[in-house]
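These are the residues of each chain, in order.
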Amino acid sequence: MDKLLFGISGLPLGEEGMKFTYSTGIDYLKKIGLHAMELPFVRSVNVTDKNRNKIIESKNKNDFYLSAHGSYFINLNAEEEDKIDKSLERIIKGAEALDSVGGSSLVFHPGFYLKKSKEETLEKIMHNLKRLPKTDVFYRLETTGKATQFGDLKELVTICKEVDTCKLCIDFSHIHARGIGALKEYKDFAEILEYIGENLGRKALDDMHIHLSGIHYTNKGERNHLPFLESDFNYKDCLKAFVDYNIKGCIICESPILEKDSLLLKSYYESL
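In this text, all values refer to a predicted model and were calculated from it rather than measured experimentally.

A. Structural view of helix α5 (residues 153-162). Along α5, the residues classified as buried are Leu153, Glu155, Leu156, Val157, Ile159 and Cys160. Here the buried face of α5 lies against α4 (118-129), β5 (138-142), β6 (166-171) and α7 (186-200). A distance of 3.3 Å separates the backbone nitrogen of Lys154 from a side-chain oxygen at the start of α5, and that oxygen is part of Asp152.

As structure tokens, then:
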């Protein structure tokens, strides 16, 4: 992409009484100045023969960017082989559905440490990710919000170096919560972008997929998403770093007030 797009996770909230499908949601988001949507495949893949053509039509008409969040029920570090096979099936099913409507990034959390060491978990998850087929959809590995979950920045960068079908989804709010309020000022965001650039090259900064929201956390990490203005997440310094590093790609807002906070981000970013 040649710029940074702003969008939301799932259907827009709209004004009171408004109801949306994916196709009408895309129309609405474009009308208010947003350009991306992440389809929620978290419990089921909800692109079907009934809605597929309308999604494609609306996407093409509005020159819209589509991604999807894959199933919550994925663990590529499971002890049982059948659970790993089912996890791979869920990822493939999500990628196929996203590809069928012209989307390009399937986001998911690849697994959990369980009783294994961090090193063992990394090796097993990387091995299983290599089993996924190459498609036009990239598998976007998302940074996680608790230290007990596999998926810190270094682990995911290591995988992306080795598995060419995988790319990053940087959830800065998760990183903030995982570090119990770690991202306090501009340099904290800049260091993340520096690390990505040093390890994955400029091409990674030109093709970022980002999740942002306010976030509530405890000493155990992430609890739940919040509106930006009700959180200590420093979105202004975050966006300033994005401008200075000239990153490109897509920002998906996961705030409870969705498009309102996405427009807040977009407005501040464009003012810099």
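Next comes the rest of the account.
B. Main features of the layout of surface pockets. There is about 410 Å³ of room inside the largest pocket. What lines the largest pocket is a set of 19 residues, among which His69, Tyr72, His109, His174 and Glu254 lie closest to the centre. Considered class by class, the residues forming the lining of the largest pocket number six nonpolar, nine polar and four charged. Lining the second largest pocket are 16 residues, with Cys166, Lys167, Leu200, Lys203 and Ala204 sitting closest to its centre. At the level of elements, β5, α5, β6, α7 and α8 (202-205) are the ones that each hand at least two residues to the lining of the second largest pocket. Across the lining of the second largest pocket, the residue classes tally to nine nonpolar, no polar and seven charged.

C. Region of the structure containing the side chain of Asp261. Positionally, Asp261 belongs in helix α10 (residues 258-271). Buried and unpaired, Asp261 has Lys260 as its nearest opposite-charge partner, separated by 9.2 Å. Setting aside residues up to four positions removed in sequence, Asp261 forms contacts with Pro227, Phe228, Cys253 and Ser255.

D. Molecular detail of the nonpolar core. In terms of nonpolar packing, the biggest core is built from 76 residues, with Leu39, Ile159, Phe172, Ile196, Leu212 and Phe242 touching the most fellow members. Those residues in contact with Leu39 that sit more than four places away from it in its chain are Tyr22, Val47, Leu66, Ser67, Ala68, His69, Leu98 and Val101. Counting residues in hydrophobic clusters, the runner-up holds five residues, among them Leu5, Tyr65, Cys250 and Ile252.

E. Main features of the packing of aromatic side chains. Going through the model one piece at a time under the given rule, you end up with ten aromatic pairs. Ring centres of Tyr113 and Phe150 lie 5.9 Å apart, and the angle between their planes is 75°; on these two criteria the pair is classed as edge-to-face. With a gap of 37 residues between them, Tyr113 in the loop between β4 (105-108) and α4 and Phe150 in the loop between β5 and α5 connect regions that are remote in the sequence. Considered together, Tyr113 and Phe150 belong to a single accessibility category, that of buried residues. Between Phe228 and Tyr235 the ring centres are 5.4 Å apart and the planes differ by 50°, which places this aromatic pair in the tilted class. The pair formed by Phe228 and Tyr235 is uniform in burial state, with each residue classed as buried.

Cut-offs used in this document
Residues numbered from 1 in each chain as written. Predicted model: local features only at pLDDT ≥ 70, side-chain atom pairs only at ≥ 80, totals over all residues. Heavy atoms only, no water. Buried < 20%, exposed > 50% of the residue type's maximum accessible area, 1.4 Å probe, protein only. Helix = DSSP H or I, 4+ residues; strand = E, 2+ residues; numbered from the N terminus. Contact = heavy atoms within 4.5 Å. Polar contact = N/O pair within 3.5 Å; in protein donor to acceptor, adjacent residues only side chain to side chain. 1 Å grid on protein atoms, 1.4 Å probe; cavity = no way out; pocket = protein on both sides within 12 Å on 5 of 7 lines; lining within 4 Å. Points joined across faces, edges and corners; volume = space filled by probe spheres on them. Nonpolar A, V, L, I, M, F, W, Y, C, P; charged D, E, K, R; others polar. Lys, Arg positive; Asp, Glu negative; His and termini not counted. Salt bridge = Lys/Arg side-chain N within 4 Å of Asp/Glu carboxyl O. Core = buried A, V, L, I, M, F, W, Y, C linked by side-chain atoms within 4.5 Å. Phe/Tyr/Trp six-rings, centres within 6.5 Å; stacked < 30°, edge-to-face > 60°.

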